[in-house]
Amino acid sequence: MQKYNIHTVQKDETLKSIASLYGLDQDALKLFHNNHCAVKDMILINLNGQKELFIPRTAVADKNILVKFGRGNSLVFQPENSMRRYSVVITIEKGENKSELKYETSVRWLKTEKRHHFFEIDRTSNLYLNEEEVNEIADLLAYRTSKILYPLQISTDEQGKFEAVENAEVFIKRWAAVKEELYKEFEGQTVDEYCGKIEKVISQPEAIDLYLKNDYFIRTLFFGIYQSFGKEYKTEMTATFPVVDNAIEPRYKFTLQTDPLKGETGLITVEGSGKLYEERDIDDFIRRSPFSLIIEDEPVMNEEGTFRLISYMKGETSLPESLYLECSIMLQEEKKISVSVSGIDKN
């Protein structure tokens, strides 16, 4: 993120008049400029031929473009009464192989209670795999059986991070009707296997939570970006993401930062970038080990993976307008998950 703005000095402007324009003390403006400019452009007492002045990023004439932060330059998650529709594109790449999944979904705030937020998520379209409506029997069965989850109710913490499924008890009630429809349309061992898998999941609350933790859309939208960004408008974080199937998800270390000014479209920007941060090596992940098989006092961290996130929000406390998250990890070949979420609400 840019740390400063540049003011082009106009004819007859003085250090005092420029400072007044931005609501700054002229000595503070001089100090800021001198800390960022080349030696030849430094201000000694007053302006002396300088054509441009470095000014603080938040020193703007139009105060409406400033982001309204909470304490500690925090974005405070207050999604009350929000209702959003999103288009979701999930891309899974492994070496040369690439698959793309598309669908539309809705997210509706239900309530806020004891610093937790509750939402209802529903699928509002068919599922498309590589631009074609899902029609392979295995993919079709996976899609049809997953319908018992929706509408899905979940909770998040006060930073907007996914916590738990809240309506697991209704899945079993929905299952009888879904199962009956499946057996009217399909028959054979494949449908038996899929029905057995979903019955095993919905019969155990902990299995449902584990199943939904692998939902890339939920994990992306509710990643927990409503943080305190401090004086520099950035914060260091570690977080996990289910880029591979493992009992303990891969961990990433990254810098999350925000711009104190809204963009030309009036949107607030949050960006993050970093690397894998794991004691487990490539072989550990290939074996699906939940921990490193080699114990060292000072392990060399495995950084063979990348993390990237960018989010745009209309309001300081609202759900994102759009969001992109990308995680990768190096195994025998690179595995990468990309999730693109775009608002499709009608204005």
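Below or above, wherever it landed, is the structure these notes cover. (Residues numbered from 1 in each chain as written. Predicted model: local features only at pLDDT ≥ 70, side-chain atom pairs only at ≥ 80, totals over all residues. Heavy atoms only, no water.)

1. Some remarks on the overall build of the protein chain
- Regarding its fold elements, the protein chain presents 8 helices and 15 strands.
- Based on the C-alpha atoms only, the size of the protein chain along its principal axes is roughly 85 × 50 × 40 Å.
- Split into buried and exposed, the 347 residues of the protein chain put 43% on the buried side.
- Across the protein chain, contacts joining residues at least 24 apart in sequence account for 61% of those joining residues at least 6 apart.
- Surface accessibility of the protein chain: about 19400 Å² in total, with carbon and sulfur atoms responsible for 48%.
- The positive charge centre, built from 45 side chains, and the negative charge centre, built from 58, are 5 Å apart in the protein chain. (Helix = DSSP H or I, 4+ residues; strand = E, 2+ residues; numbered from the N terminus. Buried < 20%, exposed > 50% of the residue type's maximum accessible area, 1.4 Å probe, protein only. Contact = heavy atoms within 4.5 Å. Areas by Shrake-Rupley, 256 points an atom, 1.4 Å probe, with all protein chains shown as cover. Lys, Arg positive; Asp, Glu negative; His and termini not counted. Charge placed at Lys NZ, Arg CZ, Asp CG, Glu CD.)

2. A look at the pattern of salt bridges
- By the definition in use, this model includes 17 salt bridges.
- For Asp259, the salt bridge is made with Arg57, and the minimal N-O distance between the two is 2.6 Å. Residue Asp259 is located in the loop between strand S11 (251–258) and strand S12 (268–276), and its partner Arg57 is located in the loop between strand S2 (52–56) and strand S3 (83–94); the two are separated by 202 residues in the primary sequence.
- For Arg57, a relative accessible area of 16% translates into the label buried. (Salt bridge = Lys/Arg side-chain N within 4 Å of Asp/Glu carboxyl O.)

3. Things to note about the side chain of Asn302
- With respect to the helices, strands and loops of the structure, Asn302 is situated in the loop between helix H8 (282–286) and strand S13 (306–313).
- Judged by its relative accessible area of 10%, Asn302 falls in the buried class.
- Beyond its immediate sequence surroundings of up to four residues, Asn302 is in contact with Leu276, Tyr277, Glu278, Arg280, Asp281, Ile282 and Phe285.

4. Quick word on the packing of helix H3 (residues 137–146) against helix H4 (residues 169–185)
- One can describe the packing of H3 onto H4 by two numbers: an axis separation of 10 Å at closest approach and a directional angle of 155°. The orientation of H3 relative to H4 falls into the category roughly antiparallel. In this structure, H3 crosses over H4, and the sense of that crossing is right-handed. From H3, Leu141, Arg144 and Thr145 reach across to H4, where they touch Trp175, Val178, Leu182 and Glu185.
- Classifying every residue of the contact of H3 with H4 by side-chain character gives 4 nonpolar, 1 polar and 2 charged. (Axes fitted to C-alpha atoms, helices over the stretch in contact; angles between N-to-C directions. Parallel < 35°, antiparallel > 145°, perpendicular 65-115°, else oblique. Left-handed = near helix turned anticlockwise from the far one by under 90°. Nonpolar A, V, L, I, M, F, W, Y, C, P; charged D, E, K, R; others polar.)

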